[in-house]
Structures are given as C-alpha cells and as structure tokens.
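Coordinate analysis (summary)
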Amino acid sequence: MTAKKGRVFSGARPTGRQHLGNYLGAIKNYVAMQDDYRTVYCIVDIHALTTVETTKDLAFNTQEMALDWLAAGMDPKQSIIFVQSHVPEVMELHTILSMVTPLGKLTALPTFKEKVRDNPDNVNYGLVGYPVLMSADILLYKADAVPVGTDQIPHLEFAREVVRSFNFHYETDVLIEPQAVITKIPKVLGIDGERKMSKSLNNHIELAATPEETEKRVMSMVTDPQRQRRNDPGNPDVCNVFTLHKIFSSENEVESINKDCRIAEIGCVDCKRKLAANLNKHLEPFRAKRKELEGDPDYVRDVLLDGAKRAKVIAAETMAEVREAIGFYGVKG
Ligand code: ADP
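Residues numbered from 1 in each chain as written. Predicted model: local features only at pLDDT ≥ 70, side-chain atom pairs only at ≥ 80, totals over all residues. Heavy atoms only, no water.

1. What to know about the domain arrangement of the protein
Rule in force here: All the domain ranges listed were derived from an automatic or database domain assignment. Throughout, a residue-residue contact means that at least one pair of heavy atoms, one from each residue, lies within 4.5 Å. Put simply, buried area is how much 1.4 Å-probe accessible surface two parts lose in total, over both of them, once they are put together. Salt-bridge detection follows one rule: a side-chain nitrogen of Lys or Arg within 4 Å of a carboxyl oxygen of Asp or Glu. Throughout this description, a polar contact denotes any pair of N or O atoms lying within 3.5 Å of each other; where both atoms belong to protein, one of them has to be capable of donating a hydrogen while the other can accept it, and for residues adjacent in sequence the pair is counted only when both atoms sit in side chains. Only DSSP runs of H or I reaching four residues or more are called helices, and only runs of E reaching two or more are called strands; each is numbered from the N terminus.
Domain parsing of the protein yields domain 1 (7-188 + 297-326) and domain 2 (211-292). Domain 1 and domain 2 are separated by 34 Å when their C-alpha centres are compared. At the junction of the two partners, domain 1 supplies 11 residues and domain 2 supplies 8 residues. Buried surface at the junction of domain 1 and domain 2, both sides included, amounts to about 850 Å², of which 69% is carbon and sulfur. In this structure, the connection of domain 1 to domain 2 is made through 2 salt bridges. Glutamate 64 is paired through a salt bridge with arginine 290; the nearest N and O atoms lie 3.0 Å apart. Taken together, the links from domain 1 to domain 2 amount to 3 residue pairs in polar contact (both at pLDDT 80 or more). Secondary-structure elements contributing two or more residues to the side of domain 1 that touches domain 2 are α1 (20-33) and α3 (58-71).

Next up, the structure:
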C-alpha cells in the first residue's frame, strides 16, 4: 500500500436524505479521496443549531445522512466518520480561536451577509461565529486539505488567517494552514434548471427515492426554455437534462442526444425518460446497499460512535498542544 498524502477534513450539516447535488458536489469526491488521503468526515450538527428552528428532526436527519454516506461508499475502514457534537473539544478550540479573530472580519464575510438576509429574525452570536467553528473543525484535526466549493473559499482563507494569528500570537506552530481542494462539480442545478439543487428549494432529486419517484422528478425537469414545441430544435448546451446525461449516460447516448436534440429528432419527454432510466440504473447499487444498512439500525450508530472515538484521539492531542502553547496553569510546558 502506498503512503497516503495527508489528512483531509470535510463537514456537512445534517440535512437528512442526500440529493444529487450533495452526491455529485461532495459525496463522490469524499469517496474518491479515501484512497489517497487520511480522510475525516464529520456531520456538523452543532453548526446546524445556528439556523434550525427546532431540533425535533436533528437526530433522525443525522442518521439518514449517515446512511446515505455509507451506502454511497464512504467507508469507515478507510475514513473517520463521526458526529461533531460527539467530540466537544471542538467547542473549546472554537472559544480559544474566537480570541484571535477580529469581529469585523466575520461580519464582512459574504456568507454572513447572506445568512443575515435569510434569517433576519435570528441573527444569533453563533451565526457570526460560524466560520470560527468551521476553522476549529478543520484545525482540531490538523487537516492538510479541505475539499470546498467556490462559495467556501473565503471560509478556508479565513481559517488560514486564524492559524497565522494563533501561531503568531502564541509564538507557536501547532496549528496547520489547510489547503483548499476545489471540488470538480461545484453547482448542480435543481429540476427548475435555474437554481442550485437544494432541499429547501424543493428542486432536488433524492438518492434514496424510489425509481418511480425519481422518474417523476426527472420528468418534471425544466429543459431548454427556448424549445416550446416538440418540433422546435433544442439546445443541449443550456439544458440541465443534458448536463445530467453527460454524467449518467453512456458516451454513445450523449453523442446521439446532442445531435438529435439540435434537429428535433428527439423530444424532451423521451430524453428525460432515458435520463430517468440511466439514473435509476446508476443508483441501483446505492439503493440496495442502503436497504441492507437500514435492516441493521445499530450499524450506523456503531460506525459513528467508533468514528468519534478515533476522532477524539486526534482532538485530544491537538488540544494538549494548544493548551501548552497558550500556557494555561497546570499544563506542563
Ligand atoms: P452545508 O451547508 O453544511 O455544506 P449542504 O447540504 O448545503 O450543507 O451541502 C453539503 C455538501 O453538498 C456541500 O459540500 C455542498 O457544496 C454540496 N452541495 C449541496 N448542494 C449542491 C449542489 N446543488 N451542487 C453541488 N454541490 C452541492
């Protein structure tokens, strides 16, 4: 076995069943990275508290998301897979990092402004500190690399600045500056063909949906808006159905759809039917694995608790170094 390149950390909020956007934008990449890196993947349930109105479904959504992750090939033998709140050291590091973080930097972040716009009645302290907690996640596990979409680049740059401030302030080098690894598919559009696929916009296709549900969602996808009638020629370059064909259909099929759509040889209904069939075929092994895992409710729990145990070992080491660098009373130095 060749040596792995370094440690990768990534976290995602517990949003329950995952959709094609999550799969193509994150999960597929998480699975691929397992071979090359020491991977640490976290369901960041503390982050979720900043925006959720109720925690009634928090535990259920955590379980559902973990099921999807595991069924999609995230492997507890290769990766540490765990829940953020199971390793409370992250909250200690968050508080410590908050002392080397100028408030103005946080309120200037575009994501903060966006969150304020989306949650005007709940601009809580945690919302401002979100990037500090995210930095704590990454730095606690001494990640060398973090897979991010382009919208997360400012947060990663922020984490790098936090490292520099901390290390400078306490004259140490215990924290490591993480590198961004830009995800290959940063934006999968929803079935509206317009906005990023997202559960909250209800424009998503769930990985664990039944083949019938999947077909129904695909058949409702918006195609080339200029193509009004069956006999109009279409433009695959602006069609989200075609974008997904390029991912889930064979090269030959993609080639013929590309040609036939432009001369109105194939209509949108047939084109979508083909996509639904190919998508369902692609998801077959995932769905079979998910069903198997659902039959053993303790399995997911055991994976996550074991992941937390392994994550805690790294967290404890980092925190010992951090406390020593600060010079807290009673910590040997
Ligand atoms: P979070 O805000 O915690 O990242 P999300 O559910 O929004 O939770 O996203 C989880 C992961 O899936 C992130 O890496 C995100 O970039 C990716 N993702 C979500 N929706 C899409 C999409 N429509 N296209 C591409 N990637 C997506």
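2. Some details on the side chain of asparagine 167
Within the element layout of this structure, asparagine 167 appears in helix α8 (residues 153-169). Residues within four places of asparagine 167 in sequence aside, it is in contact with Thr172, Asp173, Val174 and Leu175.

3. Some points on the environment of methionine 319
Quick reminder of the rule: Buried, partly exposed and exposed residues are distinguished by accessible area as a fraction of the type maximum, computed with a 1.4 Å probe on protein chains only: under 20%, between the cut-offs, and over 50%, respectively.
Mapped onto the fold, methionine 319 is located in helix α13 (residues 297-326). A relative accessible area of 0% means that methionine 319 is categorised as buried. C-alpha of methionine 319 to C-alpha of glutamate 206: the two residues are 113 residues apart in sequence and 38 Å apart in space.

4. Quick look at the packing of helix α4 (residues 89-98) against helix α7 (residues 125-140)
Basically, it comes down to this: Think of each axis as a best-fit line through the C-alpha atoms, taken over the contacting stretch in the case of a helix, with angles from 0 to 180 degrees between the N-to-C directions. Oblique is the label for any angle not under 35 degrees, not over 145, and not in the 65 to 115 range, which are roughly parallel, roughly antiparallel and roughly perpendicular in turn. In this scheme the crossing of two helices becomes right-handed for a clockwise turn of the near helix relative to the far one and left-handed for an anticlockwise turn of less than a right angle. In this classification, the charged set is Asp, Glu, Lys and Arg, the nonpolar set is Ala, Val, Leu, Ile, Met, Phe, Trp, Tyr, Cys and Pro, and all remaining amino acids, among them Gly, are polar.
Where α4 contacts α7, the axes come no closer than 8 Å and their chain directions differ by 120 degrees. What the angle tells us is that α4 and α7 run oblique. In this structure, α4 crosses over α7, and the sense of that crossing is right-handed. Touching Glu89, Val90, Leu93, His94, Leu97 and Ser98 of α4 are Gly129, Val132, Leu133, Ser135, Ala136, Asp137, Leu139 and Leu140, all from α7. Residues that form the contact of α4 with α7 fall into these classes: 8 nonpolar, 4 polar and 2 charged.

5. Quick word on the pattern of salt bridges
When the charged atoms of two side chains lie near each other, side chains of opposite charge can form a pair. Inspection of the entire model under this criterion finds 22 salt bridges. Note that aspartate 232 is salt-bridged to arginine 229, the shortest N-O span being 3.7 Å. Residue arginine 229 is classed as exposed on the basis of its relative accessible area of 59%. We note a salt bridge from arginine 273 to aspartate 270, for which the minimum N-O separation is 3.5 Å. Separated by 3 residues within a single helix, arginine 273 and aspartate 270 lie in helix α12 (residues 268-294), roughly one turn from each other. On the basis of relative accessible area, arginine 273 is assigned to the partly exposed category, the value being 44%.

6. Notes on the site of the ligand
Using the following cut-off: The rule for a residue being near a molecule or strand is that one of its heavy atoms must lie within 4 Å of it.
Near the ligand, the surroundings consist of 14 residues, among which Arg13, Asn22, Val188, Lys196 and Met197 are the closest. Residue arginine 13 places a side-chain N or O atom 2.7 Å away from an oxygen atom belonging to the ligand. For the ligand, a nitrogen atom lies 2.8 Å from a polar atom in the backbone of valine 188. It is α1 that contributes the most residues to the shell around the ligand, 4 residues altogether. Of the residues that constitute the shell around the ligand, the class distribution is 6 nonpolar, 5 polar and 3 charged.

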